[in-house]
Amino acid sequence: MTGGHTDPTGPTDPTGPAPKRRGRPSRTAGTTGPDARTRILEAARTEFAERGYDKTSIRGIAKAAGVDSALVHHYFGTKDEVFAAAIELSFEPALVIPAILGSGTDGLGERLARYFIAVWENPASRAPLLAIMRSALTHEAAAKVLRGFVLRRLLERIAEALEVPDATFRAELAASHMLGIAMLRYVIRAEPLASAPPEKIIEMVAPTLQRYLTQP
């Protein structure tokens, strides 16, 4: 009998919805959408901070976030990529870089130093940063994430926006200065740097960062 009805067992309608991607868990309110992605990132920050890079797993992150591990892979891919995304959550370069550059070169060193110290002084963002600093000393994957994010995605973009010669070299000098402070103050906790007021550190460091990034 001919008509407008379609046999449910017949061929798939080419105009119908595409099949689900292989390996992705079924859609439910608790495992999809921006809330799930946010929970995964927050869980990843906590797991990396508490366990370090080596002992953190995709399965552990998924369990802490209350999702299937396939969803973690779907959003982020590998553990390295989850690690990088968790670090980016602390730095928020898309918001920060325009703010650092927006007022011109005058005061750039101070704005950069103030931003960097503020990130480390915030307990919520400090914990995953401590994890990456410690892990970078013994794991190349963690060191690669640290290099790629702090240097390429943050400082080098700032230097290139200023259109100064030797932008990469300048960015590396600035990175070495700030990461050295982070290591001594927050990881090793060397005194008197560890207990110095943030404003004093900013005051001392800002002129050096200014010179690295803007001096002809």
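Everything numeric in this text was worked out from a predicted model, so none of it was measured. (Residues numbered from 1 in each chain as written. Predicted model: local features only at pLDDT ≥ 70, side-chain atom pairs only at ≥ 80, totals over all residues. Heavy atoms only, no water.)

Trainee: If you had to explain the pattern of salt bridges to someone new, which residues and values would you point to?
Mentor: Note on pairing: side chains with opposite charge can pair once their charged atoms come close. Scanning the entire structure with this criterion turns up five salt bridges. Glu 47 serves as the salt-bridge partner of Arg 51, at 2.9 Å between the closest nitrogen and oxygen. A residue pair is termed a helical-turn pair when its members lie 3 or 4 positions apart in one helix, as Arg 51 and Glu 47 do in helix α1 (residues 33-55) at four residues. Where salt bridges share partners, they join Glu 110, Arg 114 and Glu 199 into one cluster. (Salt bridge = Lys/Arg side-chain N within 4 Å of Asp/Glu carboxyl O. Helix = DSSP H or I, 4+ residues; strand = E, 2+ residues; numbered from the N terminus.)

Trainee: A description of the nonpolar core should follow, citing residues and the corresponding values.
Mentor: By size, the foremost hydrophobic cluster in this structure holds 64 residues, and its most contacted members are Leu 112 and Leu 213. When neighbours within four sequence positions are excluded, Leu 213 is seen to be in contact with Leu 108, Leu 112, Ile 158, Ala 159, Leu 162, Val 164, Arg 170 and Ala 174. (Core = buried A, V, L, I, M, F, W, Y, C linked by side-chain atoms within 4.5 Å. Buried < 20%, exposed > 50% of the residue type's maximum accessible area, 1.4 Å probe, protein only. Contact = heavy atoms within 4.5 Å.)

Trainee: Residue-level account of unusual backbone geometry, with values.
Mentor: Look at the link from Glu 191 to Pro 192: it is a cis peptide, with omega at 10°. For Pro 192, the location among the structural elements is in the loop between α9 (167-187) and α10 (198-214). Its identity is not glycine, yet Asp 166 carries a phi of approximately 55°, on the positive side. Given a relative accessible area of 56%, Asp 166 falls into the exposed group. Its identity is not glycine, yet Arg 189 carries a phi of approximately 60°, on the positive side. Taking the relative accessible area as the measure of exposure, Arg 189 reaches 51% and is therefore exposed.

Trainee: Explain helix α6 (residues 108-121) to me, using residue names and the numbers behind them.
Mentor: In this model, α6 (14 residues) spans 20 Å end to end at C-alpha, consistent with the 20 Å of a helix rising 1.5 Å per residue. Buried within α6 are the following residues: Leu 108, Gly 109, Leu 112, Ala 113, Tyr 115, Phe 116, Ile 117, Val 119 and Trp 120. (Expected span 1.5 Å × (residues − 1).)

Trainee: Tell me what's going on with the packing of helix α2 (residues 58-65) against helix α3 (residues 69-76), and back it up with residues and numbers.
Mentor: In the contact formed by α2 and α3, the axes pass within 8 Å of each other and the chain directions differ by 105°. It follows from the interaxial angle that α2 and α3 lie roughly perpendicular. Across from Ile 58, Arg 59 and Ala 62 in α2, the residues of α3 making contact are Ser 69, Val 72 and His 73. For the contact of α2 with α3, the class distribution of residues is three nonpolar, two polar and one charged. (Axes fitted to C-alpha atoms, helices over the stretch in contact; angles between N-to-C directions. Parallel < 35°, antiparallel > 145°, perpendicular 65-115°, else oblique. Nonpolar A, V, L, I, M, F, W, Y, C, P; charged D, E, K, R; others polar.)

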